[in-house]
Amino acid sequence: MDSLIPIIQKLQDVFQMAGLGKAPVDLPQLIVVGSQSAGKSSVLEKIVGRDFLPRGSTIVTRRPLVLQLINTKIHTQPGGDSKEWGEFLHRKGEKIYSFERIKDEINAETDRVVGTNCGISSEPINLKIFSPSVLDLTLVDLPGITKNPVGDQPPDIEVRIRNMAVQYISNPNSIIVAVSPANADMANSESLKLARTIDPDGHRTLGVLTKIDLMDKGTNAWDMLNGKVIQLRHGYVGMVNRSQADINSGKTVKQQIADEAKFFRSHHAYRSIADKLGTGYLTERLNSILVNHINKVLPSMCTKITQQLLEKENKLRELGAPVPSDDKGGVLLQILLKYSKAFADAIDGKLQNLTQNDLCGGSRISDIFHNVFARSLHRIQPFDDLSDHQIRTAILNATATKPSLFVTEDS
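Okay, so let's go over this structure. Every chain begins its residue count from 1, and numbering advances along the sequence as written. pLDDT decides what is reported in this predicted model: residues at 70 or higher carry local features, side-chain atom pairs at 80 or more are listed and counted, and totals for whole chains, interfaces and linings draw on all residues regardless. Just so you know, side-chain values use all the structure's heavy atoms and leave hydrogens and water out.

### As for unusual backbone geometry
Positive phi, close to 60 degrees, is recorded for Lys211, a residue that is not glycine. Counting from the N terminus, the helices are the DSSP runs of H or I reaching at least four residues and the strands are the DSSP runs of E reaching at least two. Position of Lys211 relative to the elements: it lies in the loop between strand 7 (205-210) and helix 6 (222-225). Only protein chains enter the accessibility calculation, which uses a 1.4 Å probe; a residue is then buried when its area is under 20% of its type maximum, exposed when over 50%, and partly exposed in between. With relative accessibility at 24%, the residue Lys211 sits in the partly exposed group.

In structure tokens form, the structure reads like this:
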């Protein structure tokens, strides 16, 4: 079971490197959706345990980030962190040990495709993070849903982001992770609204409630966490993220995870369910959901891959033997000779698979010359626009001083 997620991650890499716009197989993955200020980035950073995502006052996630987490306890590198590093698919094989450099690379790769002024693109960035403190997971972080365009964003930015999100969550093998702020009305949650358009019964949606600590005094998220407001099959998990003041003061992600656990254990409304809240439980829950979901859909995936493999092999056989790398000129000459022979056979009526319904090859050419062309010539009346006087005058002008018995070519 532990090897299922790495297999899916390898398939993702293969499809991405092959340049396929859409994967030929619907791969199981966790799709993270939410509004721009819902706290998606903070949730992902807490799952990883590191501060590695760009931040800003406007839209920051402008391309889908395919985040693959790989648990590992064996890696050594002199003079650096030997336990955690990241690798980008577009910089394959290069290990990045500084998470600040990972953040800078995400910014640079985003700007390379969409520019520096808040444009968006559906072309994903693939990032692997190796760490002994993470569980194997594959998450896709989508741009946050926004209402008003900024910078060079098109006026229909909201529609574009929604369409991008729908494209990802429409995958029937995906699990939707809908991030919503607990201090806002759930009836107006953009992520849940989007999820319910594709998954109306909530069978493959997990809710994440952020900003629980920012709710008004005298209120709590008990009813929301227990599915009494909107029911989801996979339920809800509550989170407490860092505030901007915490980030400015240098509070680390790991310190926030510890404070989060302390908050839920000490709060009168949450202490009884504290073991089902927070980052640790969310990570284990996501891993369990993803593994079980892969195990469920794997047989149908294998069947589909096998069918597609057979189709491609049949097409390859139809194309003939592979071209030797050292004799490409000879192969090209053989192709030209075969084409010339096939063309000559078509002209001479020696083709094997002749149709019984239409003329083809040489017979078609003969029909054109003897019938189509002849009929066209007979329809031409060369003297329609000339009178007898004009014809006679032209003949006299051509013969000049030497009358002839026959009409000259010039006339």
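Further notes follow.
### Structural notes on the pattern of salt bridges
Side chains that carry opposite charge are capable of pairing whenever their charged atoms lie near each other. Counted as salt bridges are all cases of a side-chain nitrogen of Lys or Arg within 4 Å of a carboxyl oxygen of Asp or Glu. As enumerated under the stated definition, the model contains 22 salt bridges in all. The partner of Lys251 in a salt bridge is Asp259, and the shortest N-O contact between them spans 2.6 Å. On the basis of relative accessible area, Lys251 is assigned to the buried category, the value being 17%. Judged by relative accessible area, Asp259 falls into the partly exposed class, the value being 37%. Three or more residues are tied together by salt bridges with common partners; here these are Glu45, Asp51, Glu100, Lys103 and Arg242.

### Focus: a nonpolar patch on the surface
Candidates for patches are residues over 30% relative accessible area with no salt bridge; among them, like charges are joined within 9 Å and nonpolar side chains (Val, Leu, Ile, Met, Phe, Trp, Tyr) within 5 Å. Every accessible area reported is derived by Shrake-Rupley at a probe size of 1.4 Å, with residue values counting cover from the shown protein chains alone. A cluster of nonpolar residues, Tyr339, Phe343, Ile347, Ile365, Phe369, Phe373, Leu377 and Ile380, forms a patch on the protein surface that exposes about 840 Å² of accessible area. Those elements that provide at least two residues to the nonpolar patch are helix 10 (328-348) and helix 11 (362-379). By the element assignment, Ile347 lies in helix 10. Accessibility expressed as a relative area gives 35% for Ile347, which makes it partly exposed.

### Some details on the environment of Arg364
With respect to the helices, strands and loops of the structure, Arg364 is situated in helix 11. Each C-alpha atom of the pair Arg364 and Gly280 lies 76 Å from the other, and the pair is 84 residues apart in sequence.

Any link to function would need more than the numbers given here.
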